Amino acid sequence: MSTKDCRQWQDELVERARRGAGPSRSLRAHVSECARCEEQWEAERTLNEELRKLRMASEGQRSGDVWRRRLMAEFAGLELSSSRPLLRWAWIPASAALLVAASVQIWLGMPARDVPAKVAAQSEGVASAVSFGTGEDSGFIPVPYALPLATGESVRVVRRELNGAELVRMGIDLPGAFAADLADDFEADVMLGEDDLPRAVQLVSYPEL
Amino acid sequence: MDTSDEELYRRIRKGDRQALAELYERREPALYRYALQLSGNQAIAEEVAHEAFLQLIQPDARYDAHRGSLQAYLYGTVRNLTRVAYRARGAGISGEASVDDGVVQALIDGETTRALSIAVRNLPSGYRDAVVLCDLEERSYEDAAKVVGCPVGTIRSRLYRARRLLAAKLKQYRLTPEKVAR
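Quantities reported herein were computed from a predicted structural model and do not represent experimental measurements.

Calculation notes
Residues numbered from 1 in each chain as written. Chains lettered and ligands numbered in written order. Predicted model: local features only at pLDDT ≥ 70, side-chain atom pairs only at ≥ 80, totals over all residues. Heavy atoms only, no water. Helix = DSSP H or I, 4+ residues; strand = E, 2+ residues; numbered from the N terminus. Buried < 20%, exposed > 50% of the residue type's maximum accessible area, 1.4 Å probe, protein only. Contact = heavy atoms within 4.5 Å. Areas by Shrake-Rupley, 256 points an atom, 1.4 Å probe, with all protein chains shown as cover. Phe/Tyr/Trp six-rings, centres within 6.5 Å; stacked < 30°, edge-to-face > 60°. Lys NZ or Arg CZ within 6 Å of the ring centre and 35° of its normal. Pairing = 2+ DSSP bridges. Axes fitted to C-alpha atoms, helices over the stretch in contact; angles between N-to-C directions. Parallel < 35°, antiparallel > 145°, perpendicular 65-115°, else oblique. Left-handed = near helix turned anticlockwise from the far one by under 90°. pLDDT = per-residue confidence, 0-100. Buried area = accessible area lost by both parts, 1.4 Å probe. Salt bridge = Lys/Arg side-chain N within 4 Å of Asp/Glu carboxyl O.

Right, let's get into the overall build of chain B. Counting secondary structure elements, chain B contains 10 helices and 0 strands. When each of the 182 residues of chain B is scored for burial, the buried share is 53%. Here the contacts in chain B between residues at least 6 apart in sequence split such that 62% fall between residues at least 24 apart. On chain B, roughly 8,400 Å² of surface is accessible, and the fraction owed to carbon and sulfur atoms is 47%.

Here's what the structure looks like:
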């Protein structure tokens, strides 16, 4: 003869119903004698079945792929900005070198080498960035889903070694010819907004071109 | 053997994108579903699951491996963010949920199950957490307790009471479906 009271039986029947298990012999004996526990047993089993259907309804659900790509792009942006302290003072020697080079070129009377137009015009944002092209038309590829630059927002361009997989994570689709070289590193200029998030990428060199 | 979440997190802190992709693939679906079950709203669930990972990759992320598992931390973040998101939209999460307020309702086949979904979201928050974590997400009592930040016994008793309330709602619904549906 069991010494359990109804509260203890109900604890057991809830756990059994949750696991989808049938009643033990002793529980069955109690339920057959106790109308209240029998009613709860049935209620718990019904509830469990409905909860199972509810669980099944959302099974396999997940956020769209666009959210994953956005996260990876944000992560890439954070990585780029983390290298900022190193670059904080880099403009001084770079400017000095540029000044010296320009002076030498003027002094020699040689025509200045073309600066890539898209880099020079970086403060204009990416609205006019051209698509993935060749030759003279090649330029910055806008990063999808990136917030547009605000009017007057300044940008800066940093040169990085990237590979195709990183571009894909940023949401930039490579044309078929390049897609096969996902693992190859190449140099790229990455245009960053004032929030240090990437807005556009310009491929500078490819290993196989 | 799979790399642990915590190891992936350590690699993420060092800038390992593959580790982030792996952690996302492993945990995002369940976190999304959790937010979906709590809110009943697909847009909120997507935003919240994204924001949870976004917070995790920030330089000032608050996760501390000594205080618990990364999984529990992510669930806790999603739980809090869902509340905030719901409040921001001017609807208390424990407020009256309606039949047409989310994708969950569209997915549910059956009036009784649909009524149950609404009843779950109308439970007091502590009870709702227990049901969603333990019965819908099938987390253990221990995991659920870590997410909610309470003793295991509290989760058990909340779940017990929540199930009593839900069973009563279902019974009532079967008697008078039109009154209980909303």
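All right, on to the packing of aromatic side chains then. Each aromatic ring pair is described using two quantities: the centre-to-centre distance and the angle formed by the ring planes. Enumeration according to the criterion identifies 4 aromatic pairs over all chains in this entry. Centre to centre, the rings of Tyr63 of chain B and Tyr73 of chain B are 5.2 Å apart; their planes meet at 55°, and the pair counts as tilted. You can see Tyr63 of chain B sitting in the loop between α3 (42-57) and α4 (70-88) and its partner Tyr73 of chain B sitting in helix α4, a full 10 residues away along the chain. Of the residues examined, Tyr73 of chain B reaches a relative accessible area of 23% and is grouped as partly exposed. The ring of Trp9 of chain A has Lys4 of chain A sitting right over it, with the charged end atom 4.6 Å from the ring centre. Its guanidinium or amino end placed over the ring of Tyr160 of chain B, Arg7 of chain A lies 4.3 Å from that ring's centre, counting from NZ or CZ.

Further remarks concern the pairing of strand β4 (residues 198-203) of chain A. Residues and elements named next belong to chain A. For β4, the tally of buried residues reaches 6 of 6 residues, placing the bulk of the element in the interior. Pairing analysis gives 2 bridges linking strand β1 (residues 141-142) to β4, with the strands arranged antiparallel. In the strand pairing of β4, Pro142 is matched with Ala200. Here strand β3 (residues 185-192) runs beside β4; their pairing, made up of 5 bridges, is antiparallel. Directly across from Asp189, in β4, lies its bridge partner Gln202. Here β3 folds back onto β4, and the loop between the two strands holds 5 residues, one of which, Asp196, carries a positive phi near 65°.

Let us now look at the packing of α4 of chain B against helix α8 (residues 141-148) of chain B. Each pair of packed helices can be described by the angle between their axes along with the distance between the axes. Residue and element names in this part refer to chain B. Orientation of α4 relative to α8, taken along the N-to-C sense of each, is 55°, at an axis distance of 8 Å. Judged on the interaxial angle alone, α8 and α4 are oblique. By crossing handedness, the relation of α4 to α8 is classed as right-handed. Of the residues in α8, those in contact with Ala72, Tyr75, Gly76 and Arg79 of α4 are Lys146, Val147 and Val148.

On to the confidence of the model for chain A. When pLDDT is averaged across chain A, the result is 73; 69% of the residues are at 70 or more. The low-confidence segment residues 111-138 of chain A, where pLDDT is below 50, has 39 contacts with residues more than four positions distant or belonging to other chains.

All right, on to the interface of chain B and chain A then. With 48 residues of chain B in contact, the opposing surface of chain A contributes 40 residues. When chain B packs against chain A, the two sides together hide about 4,000 Å² of surface, and 59% of this comes from carbon and sulfur. Considering only the surface of chain B that becomes buried against chain A, Arg17, Tyr160 and Arg163 of chain B emerge as the three largest contributors, covering 22% of it. Summed over the shared surface of chain B and chain A, the result is 6 salt bridges. For Arg62 of chain A, the salt bridge identified is with Glu28 of chain B, shortest N-O distance 3.7 Å. For the side of chain B that touches chain A, the secondary-structure elements that each account for two or more residues are α2 (17-39), α3, α5 (103-107), α6 (111-121), α7 (125-136) and α9 (152-175) of chain B. Among the elements that line the side of chain B that touches chain A, the one with the most residues is α2 of chain B, at 12 residues.

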